[in-house]
Each structure stands twice: as structure tokens, then as C-alpha cells.
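Residue-level structure breakdown
Here's the letter readout for the chains.
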Amino acid sequence: MNTLLRRIIHAVLFEFFALIILVPLMSYGFGMDMLHFGALAVMLAISAMASNMIYNHIYEAFEHRYGWRRTVRMRVWHTIGFEAFFMAIALPLTAWWLEISLWEALTLDLVFSAFFMLYAFCFNWVFDIIRHRLGQVRSK
């Protein structure tokens, strides 16, 4: 499978399963209407995918221009940079959509972040296992 197709499949499945898990849990946990919260979650998922593509394109341009290597330190800075970039979009959108303060939106974002750290680890692990097994089946 080519890299672009794999990245698209990965991103779409990542967001799809996150929405299936997150929307009912967050709607129930925060006492919000599932459709209203679900609409926000879809907007944030689309924003996250677009932000990720834009941010990574810009980051990789700097990486090539300045000869940055992908060390652990650079990965940490990459992650912090993306979170700041995405929060600049997500916090005002969340505050406006849910009619809450930016401080409350930040609190909600911290809950999202905790969920997504655990979810991303599990999803990527399972995705890699399935991709590996599919590769073995195709090579037979």
C-alpha cells in the first residue's frame, strides 16, 4: 500500500473510531446532547486532520531547510508545537460551540488530550499489528 493511501486510511480510521468512543462518553460525562457534542467532535476531527497535514508540511519544510534530525528532543518539540497550533483553532471553536469560557474549553481540551494519548497508543499499536498481518497475507 502506498504511503499516501496508508496515511489517509490511518487518519480516517483514527478519527472514526475516536468519535465512536468519545462522543457517547463525553456527552454522558458532561451531560450534553449527543448530537450537539457529536457535531463539535466532527468539526474538531476534521480540523485536527487538516491541522496535522498543514503543520507537518510546515514542520518538514523547516526540517529540510535547517537539517533537523528526528531525535526524541525534536519529536517532543514537534508534539508541543502541534498541540499549540491545534489549540489555537480548537479552543475558540469549542468555547463558541458549547457557549463556555476559554478556560472551560481548555479544561475540556485537557480531558481530550488525556483520552487521545491513551487512544493513540492503543489505536496505533492495533493498526500496526493489522497492517503487518495483512502484509504477510499479501506476500503469500
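A few points on the structure. (Residues numbered from 1 in each chain as written. Predicted model: local features only at pLDDT ≥ 70, side-chain atom pairs only at ≥ 80, totals over all residues. Heavy atoms only, no water.)

1. Regarding the nonpolar core
Of all hydrophobic cores here, the largest spans 25 residues; its most connected members are M26, F37, L40, L44, F86, F112 and Y119. Elements with a contribution of two residues or more to this core: α1 (3–30), α2 (34–66), α3 (72–98) and α4 (102–139). Excluding residues within four positions of it along the chain, M26 makes contact with G31, F37, L108, V111 and F112. (Core = buried A, V, L, I, M, F, W, Y, C linked by side-chain atoms within 4.5 Å. Buried < 20%, exposed > 50% of the residue type's maximum accessible area, 1.4 Å probe, protein only. Helix = DSSP H or I, 4+ residues; strand = E, 2+ residues; numbered from the N terminus. Contact = heavy atoms within 4.5 Å.)

2. Details of unusual backbone geometry
Residue E99 is not a glycine yet carries a positive backbone phi of 55°. Inspection of the secondary structure puts E99 in the loop between α3 and α4.

3. Focus: the packing of α1 against α2
Packing of α1 against α2 leaves a shortest axis separation of 10 Å and a crossing angle of 150°. Here α1 lies roughly antiparallel to α2, going by the angle between them. For the crossing formed where α1 meets α2, the hand is right-handed. Contact residues: A11, V12, E15, L19, L22, V23, P24, M26 and S27 in α1; M34, F37, G38, A41, V42, A45, A48 and M49 in α2. When the residues that make up the contact of α1 with α2 are grouped by side-chain class, the tally is 14 nonpolar, two polar and one charged. (Axes fitted to C-alpha atoms, helices over the stretch in contact; angles between N-to-C directions. Parallel < 35°, antiparallel > 145°, perpendicular 65-115°, else oblique. Left-handed = near helix turned anticlockwise from the far one by under 90°. Nonpolar A, V, L, I, M, F, W, Y, C, P; charged D, E, K, R; others polar.)

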